[in-house]
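Per-entry structural report
Here is what each chain is made of, one letter per residue.
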Amino acid sequence: MSTIVETHDDHGHHGPAKGLSRWLYTTNHKDIGTLYLWFSFLMLFIGGAMAMVIRAELFEPGLQIVQPEFFNQMTTNHGLIMVFGVIMPAFVGLANWMIPMQIGAPDMALPRLNNLSFWLLPMAFGILISTLFMDAGGPNFGWTFYAPLSTTYAPETVTFFIFSVHIMGASSILGSINIITTILNMRAPGMTLMKMPLFVWSWLITAYLLIAVMPVLAGTVTMMLMDIHFGTSFFNAAGGGDPVLFQHIFWFFGHPEVYIMILPAFGIVSHIIETFSRKPIFGYSSMVYALTSIAILSFVVWAHHMFTVGMPLAGELFFMYSTMLIAIPTGVKVFNWVATMFKGSISFETPMLFAIAFVALFTIGGFSGLMLAIVPADFQYHDTYFVVAHFHYVLVPGSLFGIIAGVYYWLPKWTGNMYDETLGRLHFWLSFISVNLTFFPMHFVGLAGMPRRYPDYALQFADFNAMVSVGAFIFGFTQLLLLFIVIKSIKTGKKATEEVWEDNKDWGLEWTIESPPPYHSFTVQPEVK
Amino acid sequence: MKESKKTIRNLSLLVVGMFGFGFLLVPIYDVFCEITGLNGKIEGPSTLSSETIQGVDKREMLIQFVTHNNEFMPWTFKSETSQMKITTGVQQRVLFVFENTTSEDMVGQVIPSVSPGRGAEYFHKAECFCFEQQKLLAGERVELPVVFIVDPSIPLDIGSLSLGYTLFDITDQLSENQIAAL
């Protein structure tokens, strides 16, 4: 892979505007990427604070700190914010920063739409969070907002919630259209689809998933809106509707959604592992096919979230086997990551530490997912802390570690300064130990029968819950260290080179331009051979 | 740029299509439930009668009735018998009692469910109060029948069927004109 080094004539009006208007009106992919990343960082602390309330209440049995009504609002908003406000915007932020630089494009295909996609998000979350301060209280029906909890029995603020989900959906859809258009039409000459970096591949597939399922989510909340305000009966049994229908439609969106939250992390981790193993990724094309098959399979497995609603045996078997089938492409990916590291000359900088932890801990989450896929076993695990342990293992040391790894990996490229490696490693070890302390004991209490979504629990679960809470507090406060590391790197880090990491030039176009990159990079298209 | 426009147009169509597909899932689900008997859903009045069933071995089986008031529905609602022995392929009739115990005129709607769900497609109702809304004046008491027939081709491993009825209060969901028209 070789490139023409770009020549950049600065005419004095190409740089960013000054002051706040730079961020309000910006159409620059780097600025918008930065906005997305800071937004999701802020949301991480808001959603994290809610998790701290939950864990403080669950530190010991009985009701100490909050009332059940408020506890329900905390669990619901923690879920909504972490899913739609942290993981998804962080991936979109990374996509905005990296996709144009990785495919050698000067910017995204639709820069103004890009600005709109971002600025819709603060509106959506402003509305959602404002409901917590209203008399009726915020949404309290769980992030999955099952009807009739979210229709007949919902607080009056549910209409704000519906509107906010509509806006989030619009933001994601516009962002995805932009990303697909950029990837399909703006690649550097010579970069065929099968030469694209894996992060770009993972986002191409993720964006298609988003376009396919976010409209279905919009349809779901529209049906709720009509049931609540316009007298329809989509989910109301008295009028001929069916609450189980809600679960089918929700999970038709919801299962592809969980892959939306992990596939970009697969891409990030692939890059990091090849850089720090100093070897090209093992089985590039099988990685692409695995991503594609995971995405396709995600549309036919949704009912494994609802095995207990009462389904014909044939249906349960179909959804059980199709779910287990997903372990095969996922296994291919894990195998390829390990095979890339095999006999590589590995060094353990912070991004690599997070990437290795990702591979190991995501696999644990994958295995508990397989256990949950077994229908007869799921009747025991359903709605227990085992499920909570499972999806936190794939989302925290999975998606979130993937994002953090990506931030450490590309931060020197973005800011032009290295981060503090010692602090980075400290951040990793604190996060790694506390994340396991938080989520591993949840498996045990779940298997022993502790149900999720309650503010109280039986006495025999007390010791494990105290451990979980301590782990959660350490994990929560450790993330403030990440904030410090990022700010320190921006302010005072030592200068980064163009390739940032040793012998990194061959691993992608982004390493061929300066650190930090000029405001407009690749104004002359590079050529990929 | 021309290629970009085409991509954007196709993707926008996909978005609109998927929004529509979300709503299309509602009728698809209903059809799917009718075919598979998922959730024990039963179709409307059936024309199956004792005469149209020929040449299949009839057998005895047990039908159980469960009545249930949804949420705050105050009416009295019960079946005359909690279970009955029937012969498949022979038309049966069972009475249900409704009584509006309040001093208000009210409208109720009964939603049926058969379990096990895969037995639902063999359970045919010629007449049922669940096909329409029931308006009862304050203090009114009525007895309404269910006329049904069980298809003798029902699998042998289904020894009994439960017919569950849930009564919903839908007074508030109807306008005064709609209530007067009942």
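1. Brief notes about the overall build of chain A
- Across its full length, chain A carries 16 helices and zero strands.
- Its C-alpha atoms put chain A at 70 × 50 × 45 Å along the principal axes.
- Taking all 529 residues of chain A together, 53% fall into the buried category.

2. Things to note about the overall build of chain B
- If you tally the helices and strands in chain B, you get two helices and nine strands.
- Mapped in sequence order, the helices and strands of chain B form the string α-β-β-β-β-β-β-β-β-β-α.
- The proportion of buried residues among the 182 residues of chain B is 23%.
- Of the contacts made within chain B by residues no fewer than 6 positions apart, 77% connect residues no fewer than 24 positions apart.

3. Regarding the interface of chain B and chain A
- Contacts between the two partners involve 27 residues from chain B, matched on the other side by 28 residues from chain A.
- Within the residue set of the side of chain B that touches chain A, elements represented by two or more residues are helix 1 (2-36) and strand 5 (106-115) of chain B.
- For the side of chain B that touches chain A, the element with the highest residue contribution is helix 1 of chain B, accounting for 17 residues.
- Here the side of chain B that touches chain A is composed, by residue class, of 15 nonpolar, ten polar and two charged.

4. With respect to the environment of A:Gly15
Residues and elements named next belong to chain A.
- Topologically, Gly15 is positioned in the segment before helix 1 (20-25).
- By the C-beta count within 10 Å, which is 13 here, Gly15 ends up partly exposed.
- In this structure the C-alpha to C-alpha distance between Gly15 and Tyr153, which are 138 residues apart in sequence, comes to 53 Å.

5. Side note on the pairing of strand 9 (residues 160-169) of chain B
Residue and element names in this part refer to chain B.
- The pairing of strand 1 (residues 60-69) with strand 9 spans eight bridges and is parallel. Bridge assignment links Val66 to a residue of strand 9, and that residue is Gly164.
- Judged from the eight bridges that link them, strand 5 and strand 9 form a sheet pairing that is antiparallel. Bridge pairing links Ser115 to Ser162 in strand 9.

6. Details of the sheet that holds strand 5 of chain B
All names here are of chain B.
- Spatial ordering of the open sheet is given by 3-1-9-5-7, a layout of five strands whose pairing is mixed. Either end of the sheet is taken by a strand with one partner, and the two such strands are strand 3 (83-87) and strand 7 (134-136). Mean inter-strand twist for the sheet, computed between neighbouring axes without regard to direction, equals 30°.

7. Topic: the nonpolar core
- Counting residues in hydrophobic clusters, the biggest one holds 162 residues, and the most contacted among them are A:Ile87, A:Val269, A:Phe354, A:Phe358 and A:Ala405.
- Per element, the largest residue contribution to this core is 21 residues, and it comes from helix 6 (residues 198-229) of chain A.
- Residues within four places of A:Ala405 in sequence aside, it is in contact with A:Ile268, A:Val269, A:Ile272, A:Pro351, A:Phe354, A:Ala355 and A:Phe358.
- Listed in part, the 24 residues of the second largest apolar core include B:Phe96, B:Val110, B:Phe148 and B:Leu161.

8. Comments concerning unusual backbone geometry
Residue and element names in this part refer to chain A.
- For the peptide bond that leads from Ser515 to Pro516, omega is -5°, which places it in the cis range.
- Notably, Lys343 is not glycine yet its phi reads approximately 60°, a positive angle.
- The residue Lys343 is located in the loop between helix 11 (327-341) and helix 12 (350-373) in this model.
- Here Lys343 falls in the exposed class, since 9 other C-beta atoms lie within 10 Å of it.
- Not every positive phi belongs to a glycine, and Asp503 is a case in point at roughly 50°.
- Counting through the fold element by element, Asp503 comes out in the segment after helix 16 (462-492).

9. Brief notes about the sheet that holds strand 4 (residues 92-99) of chain B
Residues and elements named next belong to chain B.
- Read across the sheet, four strands follow the order 2-4-8-6 without closing on themselves; strand pairing throughout is antiparallel. The two strands at the open ends of the sheet, each matched to only one other strand, are strand 2 (76-79) and strand 6 (123-127). When the angles between neighbouring strand axes are averaged without regard to direction, this sheet yields 30°.
- Bridge count for strand 6 against strand 8 (residues 141-150) is four bridges, and the pairing is antiparallel. Bridge pairing in strand 8 places Glu127 opposite Val147.

10. Brief notes about the packing of helix 6 of chain A against helix 9 (residues 284-297) of chain A
All names here are of chain A.
- Close contact between helix 6 and helix 9 brings their axes to 10 Å; oriented N to C, the two are set at 15°. In terms of orientation, helix 6 lies roughly parallel with respect to helix 9. As helix 6 runs across helix 9, the sense of the crossing is right-handed. Within the contact between the two elements, helix 6 uses Leu198, Trp201, Ser202, Ile205 and Leu209 and helix 9 uses Met287, Val288, Leu291, Thr292 and Ala295.
- Split into classes, the residues belonging to the contact of helix 6 with helix 9 amount to eight nonpolar, two polar and no charged.

11. A short note on the environment of A:Thr220
- Mapping A:Thr220 onto the fold places it in helix 6.
- Residue classification places A:Thr220 among the buried positions, given that 29 C-beta atoms sit within 10 Å.

12. Section: the pairing of strand 4 of chain B
Residue and element names in this part refer to chain B.
- For strand 2 and strand 4, the ladder comprises four bridges, and the chain directions are antiparallel. Residue pairing across strands places Ser79 opposite Phe96, the latter belonging to strand 4.
- Bridge count between strand 4 and strand 8: eight bridges; the pairing is antiparallel. Counted as the bridge partner of Val97 is Glu143 from strand 8.

13. Points about the packing of helix 12 of chain A against helix 14 (residues 385-415) of chain A
Residues and elements named next belong to chain A.
- At their nearest, the axes of helix 12 and helix 14 sit 8 Å apart, and the two run at 160° to each other. In terms of orientation, helix 12 lies roughly antiparallel with respect to helix 14. Relative to helix 14, helix 12 is oriented so that their crossing is left-handed.
- Residue classes in the contact of helix 12 with helix 14 are distributed as 20 nonpolar, seven polar and no charged.

14. Some thoughts on the confidence of the model for chain A
- In this model, chain A carries a mean pLDDT of 94, and residues with pLDDT of at least 70 account for 97%.
- Here residues 1-12 of chain A scores under 50 on pLDDT; set against residues more than four positions off or in separate chains, the count is 19 contacts.

15. With respect to the confidence of the model for chain B
- Across chain B, pLDDT averages 85, with 90% of residues at or above 70.
- For this predicted complex, the interface score ipTM comes out at 0.87, alongside a pTM of 0.90.

16. Details of helix 10 (residues 313-325) of chain A
All names here are of chain A.
- Taking 1.5 Å of rise per residue, the 13 residues of helix 10 would be expected to cover 18 Å, and the 18 Å separating its terminal C-alpha atoms lies within 8% of that figure.
- All of the buried residues along helix 10 are Phe319, Met320 and Thr323. Projected onto a plane normal to the axis of helix 10, the buried residues spread over an arc of 100° and lie on a single side. Opposite its buried face, helix 10 presents the exposed residues Leu313, Ala314, Leu317 and Tyr321, each directed more than 90 degrees away.

What counts, and at which threshold
- Residues numbered from 1 in each chain as written.
- Chains lettered and ligands numbered in written order.
- Predicted model: local features only at pLDDT ≥ 70, side-chain atom pairs only at ≥ 80, totals over all residues.
- Helix = DSSP H or I, 4+ residues; strand = E, 2+ residues; numbered from the N terminus.
- Buried ≥ 20, exposed ≤ 12 C-beta atoms within 10 Å, placed from the backbone.
- Contact = placed C-beta atoms within 7 Å.
- Nonpolar A, V, L, I, M, F, W, Y, C, P; charged D, E, K, R; others polar.
- Pairing = 2+ DSSP bridges.
- Axes fitted to C-alpha atoms, helices over the stretch in contact; angles between N-to-C directions.
- Core = buried A, V, L, I, M, F, W, Y, C linked by C-beta atoms within 7 Å.
- Parallel < 35°, antiparallel > 145°, perpendicular 65-115°, else oblique.
- Left-handed = near helix turned anticlockwise from the far one by under 90°.
- pLDDT = per-residue confidence, 0-100.
- Expected span 1.5 Å × (residues − 1).
- Arc of directions from axis to C-beta.

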